[in-house]
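# Close look at the chain arrangement
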Amino acid sequence: MAERPAVGIHDLSAATTHHVLTHATLAASNGTDVAKYHRGIGLRAMSVPAPDEDIVTMAAAAAAPVVARHGTDRVRTIVFATESSVDQAKAAGIHVHSLLGFPSATRVVELKQACYGGTAGLQFAIGLVHRDPSQQVLVIASDVSKYALGEPGEATQGAAAVAMLVGADPALVRVEDPSGMFTADVMDFWRPNYRTTALVDGHESISAYLQAVEGSWKDYTERGGRALDEFGAFCYHQPFPRMADKAHRHLLNYCGRDVDDALVAGAIGHTTAYNAEIGNSYTASMYLGLAALLDTADDLSGRTVGFLSYGSGSVAEFFAGTVVPGYREHTRPDQHRAAIDRRQEVDYDTYRELHEHAFPVDGGDYPAPAVTTGPYRLAGLSGHKRVYEPR
Ligand code: HMG
């Protein structure tokens, strides 16, 4: 049998929103000690969408640089992972397909399992590329994290999209077998169809996450995965950056290792840079961690990264990826820094207005105010249809 090609992430590009709310502003408005946000959960700021932004506009903004660099010829499939879907039937990826001019001979589908959906998309993409290594798959993870005002989860909101081009002989990260899997039926975090904000049992959700770290690592090692010492860094799902710290300490404990602060910081330190300024971006969060790692760490060529993807409800997967020598010629640190730095800071009252913004649902014509400075915008709603346009 012919040897299987290496398959993995060939390009990775992230985008976020037009607005940002700092945790200093949130703390001043609700009387919380800002140290709880900065040190306790590790967040400095959260991205907030403008009325003409959503998961589609962020996704198109993230994917456009990938298309500019690689074209659309080899992309036969677009997988869009989200838990903040804008339609119960139509895949959000079809809007992206149209905005970016993909050919009609493309398969487009949307996936959901809380924050885990992006990893499901990546693994399904890898399977498709193994079937035909001449094809590439565009995997997009895009989400707006939203909790009710005044709830503990409010401080962990955020929004971002990550677009990944998955293909054979990748330039960034070769994704390995095996994967360790873990599923448990828990109600730690969920969002019924009739709600725009998530419901969560915050402390239960942290325990459920840590259980899933154990479970997926156990399955990974039982399937012949690498030993803990072989990993140079770990990318965890980050609802807030301190969760990566908690998760890695838990893994070290579970493996019977001594836990010291320097060891944990060395393993996860570089992965939190973007998440700390963007907040929770659900499906995109772990891949924003990867973007930060690739963009900011010293040369990782040949190093192995451990990935722990968690989606409440819950499903988790642990897998390994090896960073490809020469990857630094293909990363996008300036683009990512610019996306974070260009956001317009809002005061607390404006944030509240944006949080409560909703279009009427009577099928009338409702143009969205022109606010975003991103490359694509939601023009408005008309006849119950969302209308998107390049800006
Ligand atoms: P809380 O209950 O208000 O906060 O909200 P807390 O009292 O637990 O404090 C948080 C940390 O800050 C603690 O640190 C405090 O000690 C510390 P820890 O003890 O855990 O190490 N602290 C301070 N530190 C310094 N100075 C101070 C200070 N005060 C307190 N003055 C909670 C926290 C995470 C529960 C809340 O934000 C929440 O409900 N968030 C949403 C749920 C969530 O993010 N869960 C995470 C796991 S589930 C997950 O990751 C999946 C998810 O992404 C969804 C999906 O899959 O789709 C959420």
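First things first, this report covers the structure right here in the doc. (Residues numbered from 1 in each chain as written. Predicted model: local features only at pLDDT ≥ 70, side-chain atom pairs only at ≥ 80, totals over all residues. Heavy atoms only, no water.)

Either a parallel or an antiparallel arrangement is found when strands of a sheet pair, and the pairing is made through backbone hydrogen bonds. Judged by pairing direction, the sheet is mixed, and its 3 strands sit side by side in the order β3-β2-β15 without closing on themselves. Each having just a single partner strand, β3 (45–48) and β15 (344–345) make up the two edges of the open sheet. Each of β2 (19–22), β3 and β15 is contacted by helix α1 (residues 23–30), which is oriented at about 55° to β2, the strand it contacts most. (Pairing = 2+ DSSP bridges. Helix = DSSP H or I, 4+ residues; strand = E, 2+ residues; numbered from the N terminus. Contact = heavy atoms within 4.5 Å. Axes fitted to C-alpha atoms, helices over the stretch in contact; angles between N-to-C directions.)

What describes two packed helices is the angle between their axes and the distance between those same axes. Contact pair helix α7 (residues 241–254) / helix α8 (residues 261–268): the axes reach a minimum separation of 10 Å and the direction vectors enclose 115°. In this structure, α7 crosses over α8, and the sense of that crossing is right-handed. Facing α7, whose interface residues are A244, D245, H248, R249 and L252, α8 presents D261, L263, V264, A267 and I268. Partitioned by chemical class, the residues of the contact of α7 with α8 number 6 nonpolar, 1 polar and 3 charged. (Left-handed = near helix turned anticlockwise from the far one by under 90°. Nonpolar A, V, L, I, M, F, W, Y, C, P; charged D, E, K, R; others polar.)

Turning to α1, a few remarks are in order. Within the sequence span of α1, burial applies to H23, L26 and A27. Down the axis, α1 shows its buried residues gathered within 95° of arc, on one side only. Looking at the buried positions of α1, the neighbouring elements they touch are β2, α2 (34–41), β3 and α12 (348–356). Backbone geometry just downstream of α1 places G31 in the positive-phi region, at approximately 80°. (Buried < 20%, exposed > 50% of the residue type's maximum accessible area, 1.4 Å probe, protein only. Arc of directions from axis to C-beta.)

Within the structure, the ligand sits among 29 residues, and K36, E83, C115, S205 and K246 are positioned closest to it. Within the contact set of the ligand, an oxygen atom lies 2.9 Å away from a side-chain nitrogen or oxygen of H203. If the ligand stood free it would expose 1100 Å²; the protein chains cover 76% of that surface. At the level of secondary structure, the elements contributing two or more residues to the shell around the ligand comprise α2, α6 (202–222), α7 and β13 (304–311). By residue number, the principal contributor to the shell around the ligand is α6, which donates 5 residues. Here the shell around the ligand is composed, by residue class, of 14 nonpolar, 10 polar and 5 charged. (Near = heavy atom within 4 Å. Polar contact = N/O pair within 3.5 Å; in protein donor to acceptor, adjacent residues only side chain to side chain. Areas by Shrake-Rupley, 256 points an atom, 1.4 Å probe, with all protein chains shown as cover.)

Among the 7 residues that make up strand β17 (residues 376–382), 6 are buried, leaving the element largely enclosed by the rest of the structure. Sheet analysis places strand β16 (residues 366–367) next to β17, joined by 2 bridges and oriented antiparallel. Following the sheet pairing, P367 is matched in β17 by G380. Taking the residues that link successive antiparallel strands as the turn, the β17-strand β18 (residues 385–390) hairpin has 2 residues, and the phi of G383 there is positive, at about 55°.

Spatially, 3 strands are ordered β16-β17-β18 in an open sheet, and the strand pairing comes out antiparallel. The sheet terminates laterally at β16 and β18, the two strands that pair on one side only. Strand contacts of helix α4 (residues 92–99): β17 and β18, with the helix running at about 30° to β18, the strand carrying the most contacts.

The full count for this structure, using the stated rule, is 14 aromatic pairs. Measuring from ring centre to ring centre gives 5.6 Å for F189 and Y282, while their planes differ by 75°; the resulting arrangement is edge-to-face. Of the two residues, F189 is situated in strand β10 (residues 189–190) and Y282 in the loop between α9 (275–278) and α10 (285–296); the sequence distance between them amounts to 93 residues. Comparing F189 with Y282, the two get one shared label, buried. In textbook terms, an aromatic cluster arises when at least three aromatic residues are bridged by ring pairs, as seen for W217, Y220, F231, F234, Y236 and F318. (Phe/Tyr/Trp six-rings, centres within 6.5 Å; stacked < 30°, edge-to-face > 60°.)

It is worth spelling out the side chain of S314 at this point. With respect to the helices, strands and loops of the structure, S314 is situated in the loop between β13 and β14 (315–323). Excluding its chain neighbours within four sequence positions, the residues that come into contact with S314 are Q113, F182, T183, A184 and V186.

This next bit is on the pattern of salt bridges. Evaluation of the coordinates by the stated rule reveals 16 salt bridges. In this structure, R332 and D11 form a salt bridge, with 2.7 Å as the shortest nitrogen-oxygen distance. Here R332, found in the loop between β14 and α11 (333–341), pairs with D11, found in strand β1 (residues 7–16); they are 321 residues apart in sequence, far enough to count as distant. For the pair shown, R332 and D11 are each scored as buried. A salt bridge links E277 to R337; its shortest N-O distance comes to 3.1 Å. Pair noted here: E277 is in helix α9 and R337 is in helix α11, with a separation of 60 residues, a long-range link. Here E277 falls in the partly exposed class, since its relative accessible area comes to 22%. Its relative accessible area of 30% is what places R337 among the partly exposed residues. Counted as one network, the salt bridges with shared partners bring together R242, D245, R249 and D261. (Salt bridge = Lys/Arg side-chain N within 4 Å of Asp/Glu carboxyl O.)

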